[in-house]
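# Reading the structure
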Amino acid sequence: MTHFRRLGAGGLGSLLLLAACNSQPTAQQSTAGAPETATDSARTPSAAMPTSTAFGKTTDGTEARLFTLTNAHGMTVTISNYGGTITSIQVPDKNGKTGDVVLGFDEVGGYQSPAFLKSSPYFGALIGRYGNRIKGGKFTLEGKAYSLAANNGPNSLHGGKQGFDKKIWTATPARSTDGQSLTLKYLSKDGEEGYPGALDVTVVYTLTDDNGLRIDYTATTDKATVLNLTNHAYFNLGLGQSKDVLAHEVTLPADRYTVVDATLIPTGELKPVKGTPFDFTTPHAIGERIAQVPGGYDHNWVLNKTTGQHSAATVYDPASGRTLEVTTDQPGVQFYTGNFLDGTLKGHNGTVYGKHAGFCLETQHFPDSPNQPKFPTTELKPGETYHTATTYTFGVRK
């Protein structure tokens, strides 16, 4: 079981998730300083404040906002307070040409259209309370049974019908010596989507000058609950040049993966990847062996390293020269290859998002952990603080 420690005041930089028993992974203490707001004149960071613009109105008439973070090299990341959604990441290719590398829309209406809601791809959104699937939408915690919405066949997926991806978060742009940031807060009420406990969630996006987008997740609860937060960005490092990601070369430092049944629920087996199309311990193109995996890749890889910040994935697109490095303190990563995209959605600049138009690298605890006692626990208790961090760093090879 993972253990947590009650934390005193001191801001995000003081958070520390204690080590897990039985070699189970823990989150690492954030090294970020407390963010400076526009009224804090005690520090003089080089980065200016993030900018904010209107992003359209939601179906209930609420105005959504779009925040743009910029670093010293001109890299930009845009994030909406609707769903905490990453809508755009602009980075240069090997020729110095800047382009978007994530799937998304130009206004909030794209994320609420009938076609989007029907297909539920979760483009760029914060996922909670529970990233990935819970079998049958049911689990038992401290002797009490809980029922969740079955929104993915017989199972519950990504927090249910009205997960964190569909909420308006309270947003505060800021800056620190690490770079521009956006702090998002949301209070999930006890019983929301069937989950126990009033959950107070804070997510901080920070754009660093080494072209890294760090995401810090923090939460506390007043009642025992389960929690598995992640982000669901779809990447295509050659977006605008490549209609799919099948030529992207992926490395996953994981010797095992969680075997799943026909509804993508883990069987409990952690199977070695050696000799299978799941072996990405050395670089392989996504499309090289995908035909050998029924439905395509949509599985959780068990990362080899389990303590501190460690590598979760490396991706290289030979066409654009762009690279992506993912580091995390989580025990797993869900590698998904956009198998359910079918061309009905059109994003930035009218780009058609067909099958395999993007890939996801969702750092996480394992799917269905509340029903799998041998998996690292996702339980959070009162008096404990959940904290985890993941960084997506972009570069080029020439």
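Predicted model, so just to flag it, every value in this text is computed and none were measured. Note that residues are indexed from 1 along each chain, following the sequence as it is written. It should be noted that, the model being predicted, local features are given only for residues of pLDDT at least 70 and side-chain atom pairs only at 80 or more, the latter also being counted only at that level, while totals for whole chains, interfaces and linings use all residues. With hydrogens and water set aside, each side-chain value is computed from the structure's full complement of heavy atoms.

## What about the sheet that holds strand 2 (residues 63–70)?
To summarise the sheet geometry, strands pair through backbone hydrogen bonds and adopt either a parallel or an antiparallel arrangement. Stated precisely, the cut-off is as follows: Two strands are said to pair when DSSP picks up at least two bridges between them. Numbered from the N terminus, helices here are DSSP runs of H or I no shorter than four residues, and strands are runs of E no shorter than two. To obtain an axis, a line is fitted to C-alpha atoms, over the contacting stretch when the element is a helix, and the angle between two such axes runs from 0 to 180 degrees between their N-to-C directions.
Taken in spatial order, the five strands line up as 1-2-3-4-5 in an open sheet, and their pairing is antiparallel. The open sheet is flanked by strand 1 (51–57) and strand 5 (98–100), the only strands paired with a single partner. Going across the sheet, the axis of each strand differs from the next one's by a mean of 20°, ignoring polarity. Sheet topology places strand 2 next to strand 3 (residues 76–80); five bridges connect them, and they run antiparallel.

## Here we look at the packing of aromatic side chains
Rules: A pair of aromatic rings is counted whenever rings of Phe, Tyr or Trp (Trp by its six-membered ring) have centres within 6.5 Å, and the orientation is called stacked for planes under 30 degrees apart, edge-to-face for over 60 and tilted otherwise. Each ring is checked for a lysine NZ or an arginine CZ that lies within 6 Å of its centre and within 35 degrees of its normal; such an atom marks a charge sitting over the ring.
The final tally for this structure, using the stated rule, is 29 aromatic pairs. Both rings, one in Phe 235 and one in Tyr 392, keep their centres 5.4 Å apart while their planes meet at 40°; by these two values the pair is tilted. Of this pair, Phe 235 sits in the loop between strand 16 (230–231) and strand 17 (249–251) while Tyr 392 sits in strand 29 (residues 386–396), placing them 157 residues apart in sequence. Grouping aromatic residues by their ring pairs yields a cluster made of Phe 55, Phe 105, Tyr 111, Phe 116, Phe 123, Tyr 234, Tyr 336, Phe 340 and Tyr 353. It is Arg 289 that lies over the ring of Phe 280; its NZ or CZ is 4.8 Å from the centre. Residue placement shows Arg 397 over the ring face of Tyr 316; its charged tip is 4.1 Å from the ring centre.

## Topic: the side chain of Asn 71
Worth spelling out the cut-off: Relative accessibility thresholds used throughout: buried, under 20% of the residue-type maximum; exposed, over 50%; partly exposed, between the two (1.4 Å probe, protein chains only). Within 3.5 Å is the distance limit for a polar contact, defined as a pair of N or O atoms, with the added protein rule that one can donate a hydrogen and the other accept it, and that residues adjacent in sequence qualify only through two side-chain atoms. Any two residues whose heavy atoms approach within 4.5 Å are treated as being in contact.
Relative to the helices and strands, Asn 71 resides in the loop between strand 2 and strand 3. A relative accessible area of 7% means that Asn 71 is categorised as buried. Reaching out from Asn 71, the side chain makes a polar contact with the side chain of Asn 211 at a distance of 2.7 Å. If near-sequence neighbours (up to four positions away) are discounted, Asn 71 is found in contact with Leu 207, Thr 208, Asp 209 and Asn 211.

## Remarks on the pairing of strand 13 (residues 199–207)
Most of strand 13 is tucked away: eight of the nine residues are buried. For strand 12 (residues 179–188) and strand 13, the ladder comprises nine bridges, and the chain directions are antiparallel. Pairing of Lys 185 across the sheet is with Thr 202, part of strand 13. If you look at the hairpin formed by strand 13 and strand 14 (residues 212–221), you'll find four residues sitting between the two strands, and Asn 211 has a positive phi there, around 65°.

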